[in-house]
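# Working through the structure, step by step
Letter by letter, the chains look like this.
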Amino acid sequence: MRSTLLEPERHGRSCSVCCRWFPASGQGAPRLNWSPNLQYSTQDSLFCGSCSAQGYCPGGGGPCTCIFTGEERHKCWDNRPCDVLCLERRNYARIVHDPRLRPLWSPISQTAVPHNIPFLIPFGSLRMGLTPPALSWISFDARELFYLSGRRGSIRRISSSPVEFRLAAGIDARANVLVYLNAPDPELEGLYAMGNALAPALQTLGVQVVGAPTYSVYIHRPRVDQIFNLQRMFTVLSELSEQGLPVIPTVFYAREADVVAWRDWLLANPNVWLIGVVVQRQEEAFYQDQITQITRIQRDLEQTGRSLHVLLYGVGSPHRASTARDIGLRRFACVSSNAAMAAGKGRLLTYITGRLKSRKAPEFDRNQLFAKNLAHQIEALAAVIPAEDGLISHPEKM
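The paragraphs below set out a description of the structure included in this document. Every value quoted in this text rests on a predicted model; they were computed, and no experiment measured them. All residue numbers here refer to positions counted from 1 along the written sequence of the relevant chain. Whole-chain, interface and lining totals are the exception, using all residues; otherwise, since this is a predicted model, local features are given only for residues with pLDDT of at least 70 and side-chain atom pairs are given and counted only at 80 or more. Side-chain figures throughout are based on the complete set of non-hydrogen atoms in the structure, without hydrogens or water.

## Here we look at the overall build of the chain
The test is simple: A helix here means a DSSP run of H or I that spans at least four residues, while a strand means a run of E at least two residues long, and both kinds are numbered starting from the N terminus. For each residue, the accessible area found with a 1.4 Å probe, counting protein chains only, is set against the maximum for its type, and the residue is called buried under 20%, exposed over 50%, and partly exposed in between. Two residues qualify as a contact provided that any one of their heavy atoms is within 4.5 Å of a heavy atom in the partner residue.
Scanning the chain from N- to C-terminus turns up 12 helices and 17 strands. The burial tally for the chain puts 56% of its 398 residues in the buried class. Partitioning the intrachain contacts of the chain with sequence separation of at least 6 by distance along the chain shows that 71% fall at a separation of at least 24.

Structure follows, in structure tokens:
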């Protein structure tokens, strides 16, 4: 891994290509170093001839060749499974010439209508077989709603109306629903394979917000792999939008040009008021860096009179919410499974010095634990997140 900051003129290229800093071993996750005063090339391509790196592939993606060594190198040539896309992949041309793929940074026509959102939206109740208390908002991820494999996907609960779905899911008939299309990458292949069947399945649920699929963008993988997953996110986002679903993008990036491209895309799509950001299971250094980049985008939009709201997928602890506030992020809500996961295991959540703790609580049934866990989580987060911040509100005031 590189241990120094690449200067702008190094290798004869601009900072549109390099500028990713890799700290020395043991010093945490990579940090971005993009400058608002530089011009970045954001027109990436799956083909070398039109790639902004023009043959030089820096840290943060590349080179676009096989990343394995030894006996694992070029394993796809022997028909062994490999989930990394590179120029040397046996079926590379067939994959990237998929006519369904939309261009990077495609505009979207239909977005979620602005709503007041509580600063905590729980999910995981369906997976754990829990009946939630009366809530104004609740979330479901992709695995709660769909059967997913590496090749196909189908809806778990076929319903004829939003009311029927809410009854089957055990939620209040008036509850607003956020569908967060998150799952491990192999299972998201099944979601992508659903194609035009995905939108009708979601439309029967009567959802208020659909978060785009969370195809991972790994900084250590070839740039073509990163671009491909970003394009697939935009493909599903565009398809759902064109069929009238209330969608929001899920923001992933691998280098400085991606952050700038997201900012420019948001500026060009003024109807987008809400984005999703996946931060679950991240090292603290990487989490802080990601929050810093989203905060910078948020500030840039504020200078044009825009108020960008953010859903942090995977943040349920006051410690991490406090870190986001300290960095400067505003108008954010936490989408968390902590309360449901703990309740499903018979555990009661408590917060000690801002940290999430739990203990066995056999004196309560699982649904009681879920309600108590939510109440404790809301109380702890209320000490960190303002009761009113744009369209983000305290759950008890909604």
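## Focus: the sheet that holds strand β11 (residues 274-278)
For clarity, the threshold we go by: Being paired, for any two strands, means DSSP has found at least two bridges between them. Lines fitted to C-alpha atoms define the axes, with helix axes restricted to the stretch in contact, and inter-axis angles between N-to-C directions lie between 0 and 180 degrees.
With parallel pairing, the four strands of this open sheet are ordered in space as β4-β13-β12-β11. What marks the edges here is a single partner per strand, and that holds for β4 (120-122) and β11. Neighbour-to-neighbour, the strand axes of this sheet turn through a mean angle of 25°, independent of strand direction. Bridge count between β4 and strand β13 (residues 332-336): three bridges; the pairing is parallel.

## A closer look at the packing of aromatic side chains
Just so we agree on the cut-off: When two rings of Phe, Tyr or Trp (its six-membered ring) have centres within 6.5 Å they constitute a pair, described as stacked for plane angles under 30 degrees, edge-to-face for angles over 60, and tilted for the intermediate range. Whether a charge sits over a ring comes down to the Lys NZ or Arg CZ being within 6 Å of the ring centre and within 35 degrees of the ring normal.
Enumeration according to the criterion identifies nine aromatic pairs in this entry. Put simply, the rings of Trp105, Phe234, Trp262 and Trp265 pair up and form one aromatic cluster. Sitting over the ring of Phe68, Lys75 keeps its end group 4.3 Å from the ring centre. Of note, Arg100 hangs over the ring of Tyr192, and the distance from its end group to the ring centre comes to 3.9 Å.

## As for unusual backbone geometry
Of note, Trp105 is a non-glycine position whose phi angle comes to about 65°, a positive value. Tracing the backbone through its elements, the reader meets Trp105 in the loop between α1 (92-96) and β3 (117-118). Even without a glycine there, the phi angle at Arg331 is positive, about 55°. Its location among the elements puts Arg331 in the loop between α10 (318-327) and β13.

## Things to note about the pairing of strand β12 (residues 309-313)
This is how the line gets drawn: Seen with its strands pointing away from the viewer, a crossover is right-handed when the path leading from the first strand over the helix to the second is clockwise.
Within β12, five of the five residues are buried, which leaves the element mostly enclosed by the surrounding structure. The side-chain alternation of β12 yields two buried faces, one formed by His309, Leu311 and Tyr313 and the other by Val310 and Leu312. Two strands pair when backbone bridges link them, and β11 and β12 are joined in this way by five bridges, in the parallel orientation. Residue pairing for β12: Gly276 is matched across the bridge by Leu311. For the crossover that starts at β11, traverses helix α9 (residues 284-302) and ends in the parallel β12, the hand is right-handed.

None of this, on its own, says anything about what the molecule does.
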